[in-house]
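So the chains spell out like this:
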Amino acid sequence: MIPLHTRGFAAAVLFSLTSNIGAAPAAVLPEDALVSTTLDNGMRVSILADPASPIVATQIWYHVGSANEEPHTRGFAHLFEHLMFGGTVNHPKRSYWELHERLGGENNAFTSDDVTAYLSVVPSNHLETLLWAEAERMAHLNVDEATFKSERAVVQEEFRQRVLASPYGRFYNAWGPSSYLVDPYRFGVIGSIADLDAAALADVVA
């Protein structure tokens, strides 16, 4: 399992961006425009503000990825990335995607060896709503059996598409185990169908 003590630490990076479409060249921001601090709970927050921008972009980085997995839990970090979109106690399933649609924004996420990150872009006047949604799924994620099985199947299908069906997919998937003997980077982020098959909802809750 991914160590619980690593799951509580995240870096929230807030960037305000200006579109290049039909806009004048962006002004050069002052050297002190980037502000960083660490909250009492360990979260590191960095803010780069551009008051001329009509949009705001957020990146929430959890410092945990596939390198934190045990040998029998390959693919769990990637699975958890998917489950974070599954809804919370106060926010129904898939509402995170629908929230961005209503706000005229977009969002995505990725998992790597060392981090799992969630990216969003919305009109700047909706920043408070977006941060509430991020805090909500940080603290009150609700994972039920149906959501778990559905997202597990999605992750397994990604393995079939990217590894089994893709040209050179098996080759690149074998690169890590052939390059490292004991290093946690030896297994790819995509994980293992067998390990995901063996996973249970109780593993995710734990």
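Because the structure is predicted, anything quoted here is derived from the model rather than measured.

Conventions and cut-offs
Residues numbered from 1 in each chain as written. Predicted model: local features only at pLDDT ≥ 70, side-chain atom pairs only at ≥ 80, totals over all residues. Heavy atoms only, no water. Helix = DSSP H or I, 4+ residues; strand = E, 2+ residues; numbered from the N terminus. Expected span 1.5 Å × (residues − 1). Buried < 20%, exposed > 50% of the residue type's maximum accessible area, 1.4 Å probe, protein only. Arc of directions from axis to C-beta. Contact = heavy atoms within 4.5 Å. Patch = residues over 30% accessible without salt bridge, like charges linked within 9 Å, V, L, I, M, F, W, Y side chains within 5 Å. Areas by Shrake-Rupley, 256 points an atom, 1.4 Å probe, with all protein chains shown as cover. Salt bridge = Lys/Arg side-chain N within 4 Å of Asp/Glu carboxyl O. pLDDT = per-residue confidence, 0-100. Axes fitted to C-alpha atoms, helices over the stretch in contact; angles between N-to-C directions. Parallel < 35°, antiparallel > 145°, perpendicular 65-115°, else oblique.

Asker: Mind laying out helix α5 (residues 145-164), listing which residues take part and the relevant values?
Answerer: Helix length check: α5, at 20 residues, gives a terminal C-alpha distance of 27 Å against a target of 28 Å (1.5 Å per residue), a fit within 8%. Every buried residue of α5 is accounted for by Thr-147, Phe-148, Glu-151, Arg-152, Val-155, Gln-156, Glu-158, Phe-159 and Val-163. For α5, the buried positions fall inside an angular range of 160 degrees around the axis, keeping them on one side. Exposed and facing more than 90 degrees away from the buried side of α5 are Ala-146 and Gln-161. In the core, the buried residues of α5 are packed alongside α2 (76-83), α6 (169-179), α7 (193-198) and α8 (201-205).

Asker: So what about α2? Which residues, and what values?
Answerer: Within an α-helix, residues lying three or four positions from one another point in the same direction, as the helix has 3.6 residues per turn. Taken across its eight residues, α2 has eight buried, putting it largely inside the fold. Those residues of α2 lying buried are Phe-76, Ala-77, His-78, Leu-79, Phe-80, Glu-81, His-82 and Leu-83. The elements touched by buried residues of α2 are β5 (106-111), β6 (116-123), α5, α7 and α8.

Asker: Explain a nonpolar patch on the surface to me, and be specific about the residues and the numbers.
Answerer: Taken together, the side chains of Tyr-168, Phe-171, Tyr-172 and Trp-175 define a hydrophobic patch exposed on the protein surface, amounting to about 570 Å² of accessible area. Structurally, Trp-175 can be placed in helix α6.

Asker: A description of the side chain of Glu-151 should follow, citing residues and the corresponding values.
Answerer: Within the element layout of this structure, Glu-151 appears in helix α5. Those residues within four positions of Glu-151 in sequence are excluded, and the remaining contacts are Leu-79, His-82 and Leu-83.

Asker: I'd like to hear about the confidence of the model for the protein, residue by residue, with values.
Answerer: Across the protein, pLDDT averages 85, with 87% of residues at or above 70. The element-level mean pLDDT for the protein is lowest in helix α1 (residues 4-7), coming to 40, with β6 highest at 96. Overall, residues 1-9 carries pLDDT values under 50, and its contacts beyond four positions in sequence, including any with other chains, amount to 25 contacts. In this model residues 17-22 is a low-confidence stretch, pLDDT under 50, and it forms six contacts with partners more than four residues away in sequence or in other chains.

Asker: Tell me about the packing of helix α3 (residues 95-103) against helix α4 (residues 127-139), and name the residues and values.
Answerer: For the pair α3 and α4, interaxial distance at closest approach is 11 Å and the crossing angle is 180 degrees. Regarding the angle of α3 to α4, the classification is roughly antiparallel. Residues Tyr-96, Leu-99, His-100 and Leu-103 of α3 pack against Thr-129, Leu-130, Ala-133, Glu-134 and Arg-137 of α4.

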